[in-house]
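Topology and contacts: notes
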Amino acid sequence: MNGLYITTTELRTKSAELVSLLAAGSDVNLVHRSQIIGRVIPKDTNRIKTISAKKLQRKINKLDFPRLTAVEIDRRYRLAMMEKHGQGIS
Amino acid sequence: MAKVFLDANYFIGLVNRTPKTNVEALNKHSAYISCLSCHILFYVNKIKVPDEKTNSFINDFIVVNLTESILKKALGGPTPDLEDNIQLHSAAASDCNVFLTSDAKLLQMKFFGKSELISSLSPRPING
């Protein structure tokens, strides 16, 4: 957090500033009776990535990971967890 | 363009070319994953950090943070499997229209919040 705050009283009089800060991507702490009681955060509407299937397929081809069934994926994961955390992890 | 959430099995299935996963079907949609799915991907494929190619692959997706709020909801259900619940609540938190999974039990739910649980994206237009 970058130290920005607004009081509950100021919500009535400084809402325009709050909107500007949120639009700029800042989080703002909400203060009530000298205590921070919450945080107002921007809704993440600008970060809209879409998939390019061609580009993604090229990346998958470059990775060249083994072809696995769902059962094999599950088995590999369980084995990896057992190796890392010991027997008894299922 | 729809907001599509990929369950861990589907996400990993894409890169490990599991039957019935379809990269082309995701074209021009926004694809969301839980950050938990990245952990699973790394262990399944024994990937060491840093790995530029894997990082580049992950970067095409929108990663949903695993927050305390999502965890608390997941600890309460809707299934007995915590990881499945984290995936479902992550999709809900991101307002995804579609939840892509190959898990037969999850598919029986049909809907979770506003997310429709399906095993494949058809060429039909998805609202959103």
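Now for a quick tour of the structure. Remember, predicted model here, so these are calculated numbers, not experimental data.

Looking only at helices and strands, chain A features 4 helices and 3 strands. In sequence order, the secondary structure elements of chain A are arranged as β-α-α-β-β-α-α. Counting across all 90 residues of chain A, residues that qualify as buried make up 20%. At a minimum sequence separation of 6, the contacts of chain A that also span at least 24 residues come to 27%.

Now for the environment of Ala23(A). Residue position: Ala23(A) is located in helix 2 (residues 15-23). Each C-alpha atom of the pair Ala23(A) and Pro66(A) lies 44 Å from the other, and the pair is 43 residues apart in sequence.

With that out of the way, let us pick up unusual backbone geometry. Residues and elements named next belong to chain B. In this structure, the amide linkage connecting valine 49 to the following residue, proline 50, adopts the cis form with an omega of -5°. Structurally, proline 50 can be placed in the loop between helix 2 (35-44) and helix 3 (52-58). Looking along the chain, the bond that leaves glycine 77 and enters proline 78 is cis, with omega of 15°. Positionally, proline 78 belongs in the loop between helix 4 (68-74) and helix 5 (82-93).

Next up on the list: the packing of aromatic side chains. All names here are of chain B. Taken as a whole, this structure holds 4 aromatic pairs over all chains when the rule is applied. On the numbers, 5.5 Å between centres and 10° between planes, the contact of phenylalanine 5 with phenylalanine 99 is stacked. With phenylalanine 5 in strand 1 (residues 3-6) and phenylalanine 99 in strand 4 (residues 98-100), this pair connects stretches of sequence that are 94 residues apart. You'll find phenylalanine 5 and phenylalanine 99 in the same group, each marked buried. Taking 5.5 Å as the distance between ring centres and 25° as the angle between the ring planes, the aromatic pair formed by phenylalanine 11 and phenylalanine 57 counts as stacked. Linking phenylalanine 11 in helix 1 (residues 8-15) with phenylalanine 57 in helix 3, this pair joins segments that are 46 residues apart in sequence.

Here the focus is helix 2 of chain B. All of the buried residues in helix 2 of chain B are Ser37(B), Cys38(B), Ile40(B), Leu41(B), Phe42(B) and Val44(B). For helix 2 of chain B, the elements touching its buried residues are helix 4 (70-85) of chain A together with helix 1, strand 2 (30-34), helix 3 and helix 5 of chain B. One side-chain oxygen of the residue at the start of helix 2 of chain B lies 3.0 Å from the amide nitrogen of Leu36(B), identifying that residue as Ser34(B). Where helix 2 of chain B terminates, the next one or two residues include Lys46(B), which has phi positive at roughly 50°.

Turning our eyes to something else, we now look at the sheet that holds strand 3 (residues 35-40) of chain A. All names here are of chain A. Pairing within the open sheet is mixed, and its 3 strands lie in the order 1-2-3. Two strands in the sheet have a free side with no partner beyond their single neighbour: strand 1 (5-7) and strand 3. Ignoring strand direction, the axes of neighbouring strands in this sheet form an average angle of 35°. As paired strands, strand 2 (residues 28-32) and strand 3 are joined by 5 bridges and run antiparallel to one another.

What follows is about the pattern of salt bridges. Counted under the stated rule, the structure contains 6 salt bridges over all chains. Across the salt bridge formed by Arg17(B) and Asp64(A), the nearest N and O atoms sit 3.5 Å from each other. Residue Arg17(B) is found in the loop between helix 1 and strand 2, and its partner Asp64(A) is found in the loop between helix 3 (53-63) and helix 4; the two belong to separate chains. Classification of Arg17(B) as partly exposed rests on a relative accessible area of 22%. Between Glu68(B) and Lys72(B) there is a salt bridge, with the nearest N and O atoms lying 3.2 Å from each other. Of this pair, Glu68(B) and Lys72(B) both sit in helix 4, separated by 4 residues, roughly a single helical turn.

Analysis parameters
Sequence order as written defines the numbering, with residues in each chain counted from 1. Written order determines the labels here, with chains lettered from A and ligands numbered from 1. Predicted model: local features are reported for residues with pLDDT of at least 70 only, side-chain atom pairs are reported and counted for 80 or more only, and whole-chain, interface and lining totals are derived from all residues. Here the side-chain values reflect all heavy atoms present in the structure, with hydrogen atoms and water set aside. Numbered from the N terminus, helices here are DSSP runs of H or I no shorter than four residues, and strands are runs of E no shorter than two. Partly exposed residues are those whose accessible area sits between 20% and 50% of the maximum for their type, while under 20% is buried and over 50% is exposed, using a 1.4 Å probe and protein chains only. Contact definition: two residues touch when any of their heavy atoms are within 4.5 Å. Classification of ring pairs rests on two measures: the distance between centres of Phe, Tyr or Trp rings, Trp counted by its six-membered ring, which must be within 6.5 Å, and the angle between planes, read as stacked under 30 degrees, edge-to-face over 60 and tilted in between. Within 3.5 Å is the distance limit for a polar contact, defined as a pair of N or O atoms, with the added protein rule that one can donate a hydrogen and the other accept it, and that residues adjacent in sequence qualify only through two side-chain atoms. In this analysis, strands are considered paired if DSSP registers two or more bridges between them. Angles run from 0 to 180 degrees between N-to-C directions of axes, and those axes are lines fitted to C-alpha atoms, restricted for helices to the stretch in contact. What counts as a salt bridge is simple: a side-chain nitrogen of Lys or Arg found within 4 Å of a carboxyl oxygen of Asp or Glu.

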